[in-house]
Amino acid sequence: MSDITKDLNQIQRKAVLHTEGPLLLLSGAGSGKTRVITHRIAYIMEQGTPDYNILAITFTNKAAKEMKTRLESILNGPNSVWISTFHSLCARILRVHIDKLGYGSNFTIYDSTDSQRLLRECIRELNISEKVHSAKSAANKISNLKDGLMSPADYERIATDIKDKTFAKIYDHYQKALFKNNALDFDDIILKTLELFANNPRVLEIYQNRFRYIMVDEYQDTNIAQYTLINMLANLHKNLCVVGDDDQSIYGWRGANIRNILDFEKDFPGTKVIKLEQNYRSTEYILEAANCVIRNNIVRKDKSLWTQKPKGEKVIYVTNLNDIDEGSFVAKTIKDNYTTYSDVAVLYRKNSLSRVMEDHLVRNNVPYKVFGGVRFYDRKEIKDILAYLTVLHNPKDGVAMRRIVNVPKRGIGSVTVDKIAAFAFQSEISFFDALKNSSQLGLKTKKIDDFVSLIEHLLEFKGSISQLITEIIKKTDYEQELGDDPIEHEGRLENIQELINKATEFEESYEDKEQTPTLAAFLEEVSLVADIDTYDKDKGYVSLMTVHSAKGLEFPVVFLVGFEEGIFPGQQSYTNETQLEEERRLCYVAITRAIKVLYLTTAATRLQNGRTIHNMPSRFLREIPEELIENRTVKPIMPVKKGISKFAEIKKFTDEKVPKIIGRNYKPLLPPPKDVTLDFDVGDTVVQGKYGQGTVKEIYPAGKDYEVTIDFNGKIKKFMANFSKIEKV
DNA sequence: GAAAAGACCTTTTTT
DNA sequence: AGGTCTTTTC
């Protein structure tokens, strides 16, 4: 066999050959990380370890798929190495063992919308006002608690005030409701696996024995739960290789703990550390720009990427008058200069920025695809059909059942549904059982009985998944649900057809593997895929996505739009240095996606939530040295949207506010960063311009400024000292 | 029970 | 601005 490491550089080779014991691989952007992992797996196999003893964990299905493909090409054939995401790995384990926790192996996986629906019901059942705890905020909070391994009981213990105590009740009730529905939310998939392992050491042993070599990709994005899982699994053989880049840690808000990678050496004594710092992706100017930005972060492992590539083109900075001009500029530039559309990506900080881009790409006939935003599986018609499938698979699932009980309309209205739900809750039976016994409630049962017979008929149905979907649509007359608008109707119908195609594809892929394509596996696959997983290069379109989604991808030409204060970095990060550093890492990720050409664009004015906002160029722009940047100013091309005069827009600037957006003469980029001195302290009584007198609760440093929390007789408000008049009484 | 009108929120990022 | 969820009206 040929030497597996022959195409690798010295350092990459070292990483591949070091197979025993803990290994921390710090791999900078574009340093050939996937290459190292796949070669390392191949090497371990060559050394005599069977493929089923190797586990590689990624964060996205996309990364897993890519890794599988590349491994196959190295090995010249298929293999049974476990390469999967955290979530599908755990789901797979739970399908086999979850009965030990009292759940049925036909459990459903709730996405965030489903969880929120269930939470809303819980909050109502507990008679708590949704003004105090909204389903949405509760969902967020619960997810954060779960990421940090905090159970309802744990939270109850640390909750001090009434609001937190109430919240503990909601959390507890929600967890019980999930159990009743035989359902797990995203976080539970990991948590329940941990619980399983903790309570059943022998089950854990099976997997510890099995996975003699473990590799974890994007280690900087792991949260405490995932960290614990890895620890448990790797504890026996300790052949754990984690790969990551602290500079690309951008999921702090989801509980990712950057400490996991920064302290790996402490957690695993005897760790070998290898740094991959040669970048094979970007030309020098671009890479240097990225280095200069990330250098401003304090919390990071020191390193600097280098490249042998030529200097290339400078980073192109383009100012526009407004978002419409920006969109027009991007679309026209693509149209005129980059005929291979798949080479081009338009990246943005948040999904809402995609719309203007889309408008102009359409006008210029540039094919494009938006990733993220509304997921395919989040569309109403798709969720409806999937809810039918879910119910057939797990009849205990009340969330799915309630979703479809009157879809399409069959005369079972909200009043009836509420009665049934209350009945189910009181009698501690499932929603479906309550439906079956609805005669006890004195309701007119004809329509309900019809629905129950319908479900029972479908439960009896024998055939493939795609046939089942067709049967559901036929028997429920679902088409009437698609609306009168012919265009919309057609579009939704296409989506359903697409779902049927996916089911067929799924079935075929299973038959290739000589396995039975079960409904369980189909639903699981569907609930664990993100849009980006369907990303396919060379498809002839421009890719539009958030910077988060773009991680792990690369494009010859990148447009980073909306490179402005308030957007990137986002407003919400101003008050907190940690968050600002995460924004900077995000910026670093964005820049390092580019191979040859990078555009940074800004709009002085843009429409947001129906209002016009004025933004300064991003502070990160100033962190890139001038000599790496080429300025381009674009004359306004597009007429401003209907009714609004372009000149009226401009007039809104007060003299002081007009950003000098020509070239780099835009001096006051940020609100003047004068040093702030506070003449008050925590506990002092102060007067604030708008709210009047209050007591200072907290003072929190935020860059050169301070975030001051003030209690106005029970009303808690936060202010930035620099912007708000606060005076001691 | 369904359609129409109104309130409300959103936009930070997602497995 | 635009969509979703809630309340009102028929």
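Attention in this report is confined to the structure presented alongside it. (Residues numbered from 1 in each chain as written. Chains lettered and ligands numbered in written order. Predicted model: local features only at pLDDT ≥ 70, side-chain atom pairs only at ≥ 80, totals over all residues. Heavy atoms only, no water.)

**What about the protein's contact with DNA strand B?**
So, point 1. Neighbouring residues of DNA strand B: 24 residues in total, closest Phe59, Arg349, Asn351, Ala530 and Ser549.
So, point 2. Each atom of DNA strand B within 4 Å of the protein was assigned to sugar, phosphate or base; sugar and phosphate come to 54%.
So, point 3. Within the side chain of Trp253, an N or O atom sits 3.2 Å from a base oxygen of DNA strand B.
So, point 4. Within the side chain of Thr546, a nitrogen or oxygen atom sits 3.0 Å from a phosphate oxygen of DNA strand B.
So, point 5. Partitioning the surface near DNA strand B into residue classes produces six nonpolar, twelve polar and six charged. (Near = heavy atom within 4 Å. Polar contact = N/O pair within 3.5 Å; in protein donor to acceptor, adjacent residues only side chain to side chain. Nonpolar A, V, L, I, M, F, W, Y, C, P; charged D, E, K, R; others polar.)

**Topic: helix 1 (residues 10–17)**
So, point 1. Of the residues making up helix 1, those classed as buried are Gln12, Ala15 and Val16. Buried residues of helix 1 fall within an arc of 100° about the axis and therefore sit on the same side. In helix 1, those exposed residues whose orientation departs by more than 90 degrees from the buried face are Gln10 and Lys14.
So, point 2. Those residues of helix 1 hidden inside the fold are in contact with strand 1 (23–27), helix 2 (33–46) and strand 8 (272–276).
So, point 3. Sitting at the head of helix 1, Asn9 places a side-chain oxygen 3.0 Å from the backbone nitrogen of Ile11. (Buried < 20%, exposed > 50% of the residue type's maximum accessible area, 1.4 Å probe, protein only. Helix = DSSP H or I, 4+ residues; strand = E, 2+ residues; numbered from the N terminus. Arc of directions from axis to C-beta. Contact = heavy atoms within 4.5 Å.)

**Observations concerning the packing of helix 17 (residues 380–393) against helix 21 (residues 446–460)**
So, point 1. Packing of helix 17 against helix 21 leaves a shortest axis separation of 10 Å and a crossing angle of 75°. Judged by the inter-axis angle, helix 17 sits roughly perpendicular to helix 21. Within the contact between the two elements, helix 17 uses Tyr388, Val391 and Leu392 and helix 21 uses Ile455, Leu458 and Leu459.
So, point 2. A per-class count over the contact of helix 17 with helix 21 returns six nonpolar, no polar and no charged. (Axes fitted to C-alpha atoms, helices over the stretch in contact; angles between N-to-C directions. Parallel < 35°, antiparallel > 145°, perpendicular 65-115°, else oblique.)

**Describing unusual backbone geometry**
Keep in mind that most residues, glycine aside, have a negative phi and that most peptide bonds are trans.
So, point 1. Following Val407, the chain continues into Pro408 via a peptide bond in cis, with omega recorded as -5°.
So, point 2. Counting through the fold element by element, Pro408 comes out in the loop between helix 18 (398–404) and helix 19 (414–427).
So, point 3. A cis geometry characterises the amide bond from Phe568 onward to Pro569, with omega recorded as 5°.
So, point 4. Here Pro569 shows up in the loop between strand 13 (555–560) and helix 26 (577–591).
So, point 5. Despite not being glycine, Glu218 shows a phi value in the positive range, around 50°.
So, point 6. Taking the relative accessible area as the measure of exposure, Glu218 reaches 13% and is therefore buried.
So, point 7. Here the phi dihedral of Lys238 falls at roughly 60°; this positive angle occurs in a residue that is not glycine.
So, point 8. Looking at the element boundaries, Lys238 is found in the loop between helix 11 (224–234) and strand 7 (240–244).

**Side note on the pattern of salt bridges**
So, point 1. Taken as a whole and assessed by the stated rule, the structure comprises 45 salt bridges.
So, point 2. The salt bridge involving Lys176 is made with Asp172; its shortest N-O contact spans 2.9 Å. You can see Lys176 and its partner Asp172 sitting in helix 8 (residues 162–180), four residues apart, about one turn around the helix.
So, point 3. Two residues, Arg403 and Asp384, come together in a salt bridge whose shortest N-O distance is 2.8 Å. Separated by 19 residues along the polypeptide, Arg403 in helix 18 and Asp384 in helix 17 bring together distant segments of the chain. The same class applies to Arg403 and to Asp384, which are both buried. (Salt bridge = Lys/Arg side-chain N within 4 Å of Asp/Glu carboxyl O.)

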